[in-house]
Structures are given as C-alpha cells and as structure tokens.
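Next come the chains, spelled out residue by residue.
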Amino acid sequence: MHFMYTTYSGLQSSVNYLFIFFISEQPKRTKRFTLDDATSKSTDYIASVLNGIPKEPLFTKSFKNVKLALALVAILVTFMADVRFAEFCTYLLTRLWHVVTVGDRKPLSYAQTIVTQFHNLCIDEELLNTWDTLLDSFNITRGQLESDLILQHILDTVLELLITDRNSIDLPTLQSEINVSKLNKNEEQVLSYVGGYIPSALRKHYRKLQNLTAQKYVAILDSWCTDSNYEGQYTFLQYTQNWINAQTRGKLFKPNAELFLFFRALENETRKHLNTALLGKYRDINIRELLIGKLTTKYLVQKYWSNLVEGKCLSSDESKNLFYIIVKYFVNIRIKAFVVVYTDLKKIHEKTLSRKGSQSLRKELNKNVTK
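So, here's what we can say about the structure. Here the structure is a predicted model, which is why all the values come from computation and not from measurement.

**Thoughts on the packing of helix α7 (residues 125-137) against helix α8 (residues 144-170)**
Then, in step 1: Two elements in contact, α7 and α8, have axes separated by 11 Å at closest approach and are oriented at 115°. In this view, α7 runs roughly perpendicular relative to α8, as classed from their interaxial angle. Seen along the crossing, α7 lies across α8 with a hand that is right-handed. Between α7, through Leu 127, Leu 128, Trp 131, Asp 132 and Leu 135, and α8, the contact on the second element is made entirely by Ser 147, Ile 150, Leu 151, Ile 154 and Leu 155.
Then, in step 2: Residues belonging to the contact of α7 with α8 are distributed by class as follows: eight nonpolar, one polar and one charged.

Structure (structure tokens):
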C-alpha cells in the first residue's frame, strides 16, 4: 500500500530533528529463566499448590465434591517425597514450559497463544493418563470429578507461578526501559507531531474504503485523538499539543497520552539502532527489516499497543495488521530522516575539511611566493 510510504516535507524536516541525540545503551541481561530452572522447582511448585488448596475459597465450601477433592489432596501430600511424585512434577513443568514459551517472538498474540495452548494441555490425553497413572500407583480411590478438579487447579496455579518467576528474571523493569534515553521537550514535541501525522494519514486512507475492517480502523484511530480543549489540570502532553496547534493551526491529529507513550516506546528502541556508529555493522543488513523486527517484539511497545486496542472490538488479526502498518510507517519515516541528516552532516564535514585544506594550501603558496 503506497500510502504507507508517503510523507510530506514539513513532517520529514521536523522528524530529522530527532536524530541529533545522545544514545544510551540498555544494560545487558546476564541471566535468563530456563527450563532447567523451572523443572528444578517443579516439586516445590506443586507441593505449595497442594498445601494451599484447603485455604483456597473454592475448597472452603461444604459441597460433597469439594470434600472428596480435599480428601484426595490429603492422601496425595503424603506421597510428595516419593520419586514417582517428583517424576510427575518434572513432566508437568516440562509440558507447562512449552505452553509459556510457545508464544515467544510472536508479537501481540502471546496471550492468545498461551490461552490456546493451555486449553489444549488441559484436555490432552497423555497428560490425563499420566495423572491417572500417578494416582493409581499410590492406590488412591477417587471419583473422576474431584480428580479433574484437583488437576485443573494444579495446572492453573502452577502456570501462574511459572509465568511470574520467568517474568521476574526475563522482563526488564519499567524504570530501566524509561532510562534508555530520555527525550527533551523539543524531541517530545516532534514525536507528538509524528504521532499525530501517522494516524491522521491512515484515517484519511481508510475513510475511502467501505469494508467493515476499514470502518473499525477509522473508529479506533478517531478514539486516539485527544480533545484539544483543556480545562483544569495541566497534563504532561499539553505543551506538545499547544506546539502542534501553533505549527498546524489546530488542523493536525493530536495524539492522546496512550498513543504518545506508544510512539515514545518506538522512538526509544529505534534510537538504539539508527546511529552513525553502527553504519558499518549494517552494511549488509536490511536495516528496515531489522528495525521492524526489533520494534514488533519489544515488550514496552507491545504493552502500550495492548493498552491502545483494549476493548476496541478488534480481532487478533485486525489488531496485529494495524500494529504492523503503523510500525512500518514509523520506520519508513525514521529511516528517511536518518539518511537525510547523515547526508547533510557528511556534506558539512566535507565542506569543513575542504575549507581547512584550502586555507592550508594558500598559506603554503604564500610562503613559496615570499621566498
């Protein structure tokens, strides 16, 4: 779609300003949460779940099936030191690890992928048979309902514990993300300008289309435009809105706070890669594809995008498609601006060298003439 690659000179010249900055590298993570870490804690995970079941609200009821489930748990905890119990715990954590990691590197569909895989695991014949085999090996008499109830509770709770432990090590903290590179007021004004131009251009395009998806996109793009009439509290984006109004006479799309945070996350990640120090490294690399890959898998980018589309009646595919369109549009603008600024700086540098060389040559000629 050609509309994704078109910009106008006013926008591009403003965006060029963003390339005069100092780049701070994010500290590298030295540790990751692995399958070995998960399986090493497998017995602890499941033991803690079983010991905590009597305190769970569901199991404090006086229903017959609840009492039978509690009786099953009371017998099962007596076998927690058994090697068969430990083997089952390792097996269960290995299966859950696949559920947790299957969505890695799949932007925007991570949660949906986990839900799907977890549902498939809960009804998996192999898992159910392994659970029954474990209980049979301990000669535990039980009904099917309470057996399934306990297994489902174990799966639900251990999945939550596993995700929590993994995220505590693998995910960067919010503070470290913010400190990657702070934008000054001028840069935030330009970024807000860009953040308004892209949805404005897309909205204009989709208004020309008649299909249902286009209508949904127009509705969600409209919802990202903030009210220009400020009353009462002075928001952190007000000064950028005032600047946009001054530049465009109030005609440009003014992004709301959530949309601005999304574009700021894009900008903070982009400036790690678009700089002259890395030009040699990118000699044989498609920088556009590299940036798109980096941005679409960035945690904060996905987080702010989820905030933008939450409750907007978009399907997973529609959300993902709009996400990629906006990211690609942003990348195209930034790469073009980078090339323009780099070329201009190179010309200035060459003129400076040429001027210095001419002055040196004149001095040398004057010396020769006076001899």
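**Details of the packing of aromatic side chains**
Then, in step 1: Applying the stated criterion across every chain, the model contains 12 aromatic pairs.
Then, in step 2: Put simply, the rings of Trp 224, Phe 262, Phe 263, Trp 305, Phe 323, Tyr 324 and Phe 330 pair up and form one aromatic cluster.
Then, in step 3: Here Arg 166 stacks its cationic end above the ring of Trp 97, 5.4 Å away from the centre of that ring.

**Things to note about the packing of helix α13 (residues 257-273) against helix α15 (residues 299-309)**
Angle between the axes and distance between the axes: these two values describe a pair of packed helices.
Then, in step 1: Two elements in contact, α13 and α15, have axes separated by 9 Å at closest approach and are oriented at 160°. By the angle between their directions, the pair α13 and α15 is classed as roughly antiparallel. Seen from above, α13 lies across α15 with left-handed handedness. On α15, the residues that touch Glu 258, Leu 259, Leu 261, Phe 262, Ala 265 and Leu 266 of α13 are Leu 300, Val 301, Tyr 304, Trp 305 and Leu 308.

**Some words on the nonpolar core**
Then, in step 1: Ranked by size, the top nonpolar core spans 44 residues in total, and within it Ile 198, Trp 224, Phe 262, Phe 263, Trp 305 and Ile 326 carry the most contacts.
Then, in step 2: Within the residue set of this core, elements represented by two or more residues are α10 (185-206), α11 (212-223), α13, α14 (287-296), α15 and α16 (316-370).
Then, in step 3: For this core, the leading source of residues is α16, giving 11 residues.
Then, in step 4: If sequence neighbours within four positions are ignored, Phe 262 has contacts with Val 301, Tyr 304, Trp 305, Leu 308, Phe 323, Ile 326 and Val 327.

**Observations concerning unusual backbone geometry**
Then, in step 1: Its identity as a non-glycine residue notwithstanding, Asn 139 has a phi of 55°, on the positive side.
Then, in step 2: On the basis of relative accessible area, Asn 139 is assigned to the exposed category, the value being 69%.
Then, in step 3: Backbone geometry at Cys 313 places phi at a positive 60°, although glycine is not the residue there.
Then, in step 4: In this fold, Cys 313 is placed in the loop between α15 and α16.

What counts and how
- Residues numbered from 1 in each chain as written.
- Predicted model: local features only at pLDDT ≥ 70, side-chain atom pairs only at ≥ 80, totals over all residues.
- Heavy atoms only, no water.
- Axes fitted to C-alpha atoms, helices over the stretch in contact; angles between N-to-C directions.
- Helix = DSSP H or I, 4+ residues; strand = E, 2+ residues; numbered from the N terminus.
- Parallel < 35°, antiparallel > 145°, perpendicular 65-115°, else oblique.
- Left-handed = near helix turned anticlockwise from the far one by under 90°.
- Contact = heavy atoms within 4.5 Å.
- Nonpolar A, V, L, I, M, F, W, Y, C, P; charged D, E, K, R; others polar.
- Phe/Tyr/Trp six-rings, centres within 6.5 Å; stacked < 30°, edge-to-face > 60°.
- Lys NZ or Arg CZ within 6 Å of the ring centre and 35° of its normal.
- Core = buried A, V, L, I, M, F, W, Y, C linked by side-chain atoms within 4.5 Å.
- Buried < 20%, exposed > 50% of the residue type's maximum accessible area, 1.4 Å probe, protein only.

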